[in-house]
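Residues per chain are reported as follows:
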Amino acid sequence: MQKHIDKLPVSKIELLRKKLHKHNYLYYIKDDPEISDSEYDRMMKELIGLEKTYPDLSSPDSPSMRVGAPPLSTFVTTEHSIPMLSLDNAFDDNDLLEFDKRIKKNLNTSDEILYTAEPKLDGLAVELVYENGSLTKASTRGDGTKGELITENIRTIRSVPLILQTPNGIKTPDLLEVRGEVFIGHAGFKKLNQNQLANNLNIFANPRNAAAGSLRQLNSKITAKRPLGIFSYGIGKTTDILAESHWEYLCILKKFGFRINPLIKSGLTIKGAIECYKKISEKRDFLPYDIDGVVIKVDSLKLQQLLGATSRSPRWAIAYKFAAVQETTKLINIEVQVGRTGALTPVAILAPVNIAGVNVTRATLHNEDEIKRKDIKTGDTVLVQRAGDVIPEIVKVIDSMRTGNEKTFSMPAKCPVCGTEVVREKNEAVARCVNTNCPAQVKERLKHFASKAAFDIEGLGDKLVEQLVEKKICTSCADIFYLNMEKLKALDRMGELSAKNIIKAIEKSKKISFSRFIYGLGIRHVGENMAKILAKKYKNFDELASRHPEEIEAVEGIGPVAAESIFNYFRQDKNLKIINRIIESGVTVVYDSIKTKGAFEGKTFVITGTLETWTRNQVKKIIEFAGGHVSSSVSRKTNYLIAGKSAGSKLVSAKTLGVKIINEEIFQKILETSTELE
Ligand code: IVH
């Protein structure tokens, strides 16, 4: 037998495992891959092949375990060695100040207490047990005392280390229990639901439900296909780890190879913690995953121990929750709006409800299919959600509140504004009014034409547009440039001064970049970005209008549907006449290529240090999209170094070479304003 083992490719397997662990860590934890995805896949395939041939050499630590193990018949429960407690909540600054007061009183001190503030991730708490450096057990929080063993499922999560890293020879503890939150990010959630739909499966209501459903799978091969991630935020029972603060714990966990949230701040006074809460809440809408508050923890482990816990929650931590973004209210009516392209959009008229400080009275219902899918009826009690500036939407109907008097909605057969027949084309979710002269469409086209990202005509607001269309003064966007004092003064509530200002604003808008002009035309499927791409590719309208769909589709960033729509737009005489009339009115188009270039055209960037708002890959994609290039090392050719936290040698080289150094905030500003650097 010994002889037989000697022939086994032990060292080959070990080397492959070591390499795969390392590259997994570089990709999922450091966000700084060294090898291509295909190279990684090739190594993994080789390892799986070898393990299949030599089953005696299989190991629960192997990176191949990430693809899932044979299914379980049931979940086994397990007791946590230290209970996994819950957190008390704070809802305003005052609650937090009271928390600080309570702590000082309990400790009988007036000294300033220092805190750590970290995002409260909206996922599921788990405990990972490492014995002699290997992941041996993982469980859900359960009731706090006992949870369910989900070891095989946890092994499939790429950001969970299967074996602890021990850089610079740090000692592997005999026992280490790590606690953290498993979640699904926004991009992964969207993809997962698209996939569920495509396979005729139920879709998940939110990322948290999706993460819960994915973790509670008896078949870990299914879990392996779900885009689960983890941030670790604490330690349970452990041996050999010497630390004085929670922050030190987090730093040690990071060294062992765990993913720690980059927004965590330490050494904060209670006022600093409140500031940090505000900063994190401002970032909330831009984060790629859901958070529902900020957890404030006493940093000193000694003080934590002195403070202790109630049966429910520790006295040394509190969750400062964000204001609710979901509320229930009554759906009073469903109105149908006609958009710029004739699309009929049902809109829910709601009994006014305050959601996170904003009075909400309407919510979009998207289209008829969406109403059917969510089974929404007039008179229903519904759960409404708003996130940042996004239009509020209905999450679900509260079935238990139904009285039987609710009314089913059906899309009108005729346009509610002009009475023209409504058409819903095959494979389209949207019903449309096909009359391009429909006053509702003309109004929306004018509003779009005058909007900030298009001709940016100040003063030409919704009310004025309504009058101009209703009084038939404007039947197309071109008519805007033929307005004069006489026509304007004839309108209701229009004084001499306002009319003058509008004429001035129209004059000012007459010098316009090619991309804004294209965008302003409101061609279906052509948004701001696509308009920029078209303006960069084509010299002028003549060239753009002469292209066939296949040629347009060949342009990077333009798909077949948009290409067809652009082609059709320029085949309609009416549209060509509008463009000509606009130009004849004295509008000058700036075809200046520099203006339409990406903000980072021709610039070389190097990224270093830990970024807080984006991952490195995201930043890379943004730069490349804006025409720039990302290089891995600093040289004289580097234009900008984006330096995150703890930047090291690259920062030094950049300083020596006189390379411009920017931080994430400046980078974001450049992106928002789309101004060129320098
Ligand atoms: S600390 C004893 N830190 O919040 C301390 N919890 O309501 C308990 N959570 O079950 C946990 N992010 O699922 C902590 N940064 C964070 C967290 C966090 C999310 C969750 C966790 C816990 C729940 C408590």
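Definitions and limits used
- Residues numbered from 1 in each chain as written.
- Predicted model: local features only at pLDDT ≥ 70, side-chain atom pairs only at ≥ 80, totals over all residues.
- Heavy atoms only, no water.
- Helix = DSSP H or I, 4+ residues; strand = E, 2+ residues; numbered from the N terminus.
- Buried < 20%, exposed > 50% of the residue type's maximum accessible area, 1.4 Å probe, protein only.
- Areas by Shrake-Rupley, 256 points an atom, 1.4 Å probe, with all protein chains shown as cover.
- Lys, Arg positive; Asp, Glu negative; His and termini not counted.
- Charge placed at Lys NZ, Arg CZ, Asp CG, Glu CD.
- Salt bridge = Lys/Arg side-chain N within 4 Å of Asp/Glu carboxyl O.
- Pairing = 2+ DSSP bridges.
- Axes fitted to C-alpha atoms, helices over the stretch in contact; angles between N-to-C directions.
- Contact = heavy atoms within 4.5 Å.
- Near = heavy atom within 4 Å.
- Polar contact = N/O pair within 3.5 Å; in protein donor to acceptor, adjacent residues only side chain to side chain.
- Nonpolar A, V, L, I, M, F, W, Y, C, P; charged D, E, K, R; others polar.
- Left-handed = near helix turned anticlockwise from the far one by under 90°.
- Phe/Tyr/Trp six-rings, centres within 6.5 Å; stacked < 30°, edge-to-face > 60°.
- Core = buried A, V, L, I, M, F, W, Y, C linked by side-chain atoms within 4.5 Å.
- Arc of directions from axis to C-beta.
- Parallel < 35°, antiparallel > 145°, perpendicular 65-115°, else oblique.
- pLDDT = per-residue confidence, 0-100.

Q: Which residues make up the overall build of the chain, and what values go with them?
A: Regarding its fold elements, the chain presents 26 helices and 26 strands. Dimensions of the chain along its principal axes, counting C-alpha atoms only, are 95 × 65 × 55 Å. Looking at the chain residue by residue over its 678 residues, the buried ones come to 46%. Here the chain displays about 35,500 Å² of accessible surface, and carbon together with sulfur accounts for 51% of that area. If the 100 positive side-chain charges of the chain are averaged to one point and the 84 negative ones to another, these points end up 1 Å apart.

Q: A description of the pattern of salt bridges should follow, citing residues and the corresponding values.
A: Applying the stated rule across the entire model yields 41 salt bridges. Across the pair Glu39 and Arg42 runs a salt bridge, and its minimum N-O distance is 3.3 Å. Here Arg42 and Glu39 lie together in helix α3 (residues 37–53), a separation of three residues that amounts to about one turn. One salt-bridge network, in which partners are shared between bridges, spans Lys443, Glu444, Lys447, Glu466 and Glu470.

Q: Hey, could you go over the pairing of strand β10 (residues 291–298) for me, with residue numbers and the actual values?
A: Counted residue by residue, β10 has eight buried out of eight residues, so it is predominantly covered. For strand β3 (residues 115–121) and β10, the ladder comprises seven bridges, and the chain directions are antiparallel. Paired with Thr116 across the two strands is Lys297, which belongs to β10. Here β10 runs beside strand β11 (residues 317–321); their pairing, made up of five bridges, is antiparallel. Note on β11: the bridge partner recorded for Ile296 is Ile318.

Q: So, the sheet that holds β3: which residues are in play, and what are the values?
A: Strand order in the open sheet made by the five strands is β2-β11-β10-β3-β9, with mixed pairing throughout. Both outer strands of the open sheet, β2 (88–90) and β9 (265–268), are each paired with one neighbouring strand and no more. In this sheet, neighbouring strand axes are inclined to one another by 30 degrees on average, regardless of whether the strands run parallel or antiparallel. Helix α4 (residues 93–107) contacts β2, β3, β10 and β11 of the sheet and is inclined by roughly 175 degrees relative to β11.

Q: Go over the site of the ligand with me, naming the residues and quoting the values.
A: Around the ligand, the surrounding shell holds 14 residues, and the nearest of these are Glu118, Leu121, Glu181, Tyr233 and Lys297. In this structure, a nitrogen atom belonging to the ligand sits 3.3 Å away from a main-chain N or O atom of Pro119. Between the ligand and Leu121, the relevant distance is 3.1 Å, taken from a nitrogen atom to a main-chain nitrogen or oxygen of the residue. Here the ligand has 510 Å² of accessible area as a free molecule, and 87% of this is covered by the chains. Counting only elements with at least two residues in the shell around the ligand, the list comes to β3 and β10. The biggest single contributor to the shell around the ligand is β3, with four residues. Here the residues of the shell around the ligand sort into eight nonpolar, one polar and five charged.

Q: How would you explain helix α21 (residues 560–570) if you had to name every residue and give the values?
A: Buried within α21 are the following residues: Ala562, Ala563, Ser565, Ile566, Phe567, Tyr569 and Phe570. Residues of α21 that are buried in the fold lie against α18 (528–537), α19 (541–546), α20 (549–553) and α22 (573–584).

Q: Break down the sheet that holds strand β24 (residues 629–631) for me, citing the residues and quoting the values.
A: Paired through backbone hydrogen bonds, the strands of a sheet run either parallel or antiparallel to each other. A sheet is described by the order of its strands in space; here four strands give the open sequence β24-β23-β25-β26, paired in parallel fashion. If you trace the sheet from one side to the other, it starts and ends with β24 and β26 (660–662), each paired once. This sheet shows a mean twist of 35 degrees between the axes of neighbouring strands, independent of strand direction. Where strand β25 (residues 640–643) lies against β26, three bridges are found, and the strand directions are parallel. Paired with Ile642 across the bridge in β26 is Ile662.

Q: So what about the packing of helix α2 (residues 10–28) against α3? Which residues, and what values?
A: Two elements in contact, α2 and α3, have axes whose closest approach is 10 Å; the angle formed by their N-to-C orientations is 145 degrees. Once α2 is placed against α3, the crossing between them reads as left-handed. Listed contacts from α3 to Lys12, Ile13, Leu16, Arg17, Lys19, Leu20, His23, Asn24 and Tyr27 of α2 are Asp37, Tyr40, Met43, Met44, Glu46, Leu47, Leu50 and Glu51. Split into classes, the residues belonging to the contact of α2 with α3 amount to nine nonpolar, two polar and six charged.

Q: Run through the packing of aromatic side chains, naming residues and quoting values.
A: Between two aromatic rings, the relevant description is the distance of the centres plus the angle of the planes. Within the structure shown, the criterion is met by 19 aromatic pairs. Measuring from ring centre to ring centre gives 5.4 Å for Tyr130 and Phe258, while their planes differ by 90 degrees; the resulting arrangement is edge-to-face. Here Tyr130 is found in strand β4 (residues 124–131), whereas its partner Phe258 is found in the loop between α9 (246–255) and β9, with 128 residues between them in sequence. Considering the side-chain rings of Tyr277 and Tyr320, the 3.6 Å spacing of their centres and the 10 degrees angle between planes classify their relative orientation as stacked.

Q: Account for the nonpolar core, with residues named and values stated.
A: Counting residues in hydrophobic clusters, the biggest one holds 56 residues, and the most contacted among them are Phe517, Ile518, Leu534, Phe541, Ile558, Ile566 and Phe570. If you list the elements that add at least two residues to this core, you get α13 (439–450), α14 (462–470), α16 (496–508), α17 (514–520), α18, α19, α21 and α22. Not counting chain neighbours up to four residues away, the residues in contact with Ile518 comprise Ile523, Val526, Ala531, Leu534, Ala535, Phe541 and Leu544. Residues Leu128, Leu135, Val182 and Ile235 belong to the second largest nonpolar core, which totals 36 residues.

Q: Which residues make up the pairing of strand β16 (residues 381–385), and what values do they have?
A: The buried fraction of β16 amounts to four of the five residues, a majority that puts the element mostly inside the structure. Examined bridge by bridge, strand β12 (residues 326–338) and β16 share five bridges and lie antiparallel to one another. Among the inter-strand pairings, Glu327 is bridged to a residue of β16, identified as Val384. Here β16 pairs with strand β17 (residues 393–397) via four bridges, running antiparallel.

Q: How would you summarise α9 if you had to cite specific residues and measurements?
A: The complete set of buried residues in α9 reads His246, Tyr249, Leu250, Ile252 and Leu253. One side of α9 carries all its buried residues, which in axial view fall inside an arc of 160 degrees. If you follow the buried residues of α9, they end up packed against β3, β7 (175–184), β8 (228–238), β10 and α11 (301–307).

Q: Describe the packing of α13 against α14, listing the residues and the values that go with them.
A: Look at α13 against α14: their axes get within 9 Å of each other, and the N-to-C directions meet at 135 degrees. The orientation of α13 with respect to α14, classified from their angle, is oblique. Relative to α14, α13 is oriented so that their crossing is right-handed. Residue-level contacts link Pro439, Val442, Lys443, Leu446 and Lys447 of α13 to Asp462, Val465, Glu466, Val469 and Glu470 of α14.

Q: Talk me through the side chain of Ser513; I want residue IDs and the actual numbers.
A: Here Ser513 is to be found in strand β21 (residues 511–513). Once you skip the residues sitting within four places of it in the chain, Ser513 turns out to touch Val589 and Val590.

Q: Outline the confidence of the model for the chain, supporting the account with residue identities and numerical values.
A: For the chain, mean pLDDT is 90; residues scoring 70 or higher make up 96% of the total. Below pLDDT 50 for its whole length, residues 1–6 participates in two contacts with residues either more than four positions away or in separate chains.

Q: Now, about the side chain of Thr604: what can you tell me, with residues and values included?
A: Looking at the element boundaries, Thr604 is found in strand β23 (residues 604–608). Its relative accessible area of 17% is what places Thr604 among the buried residues.

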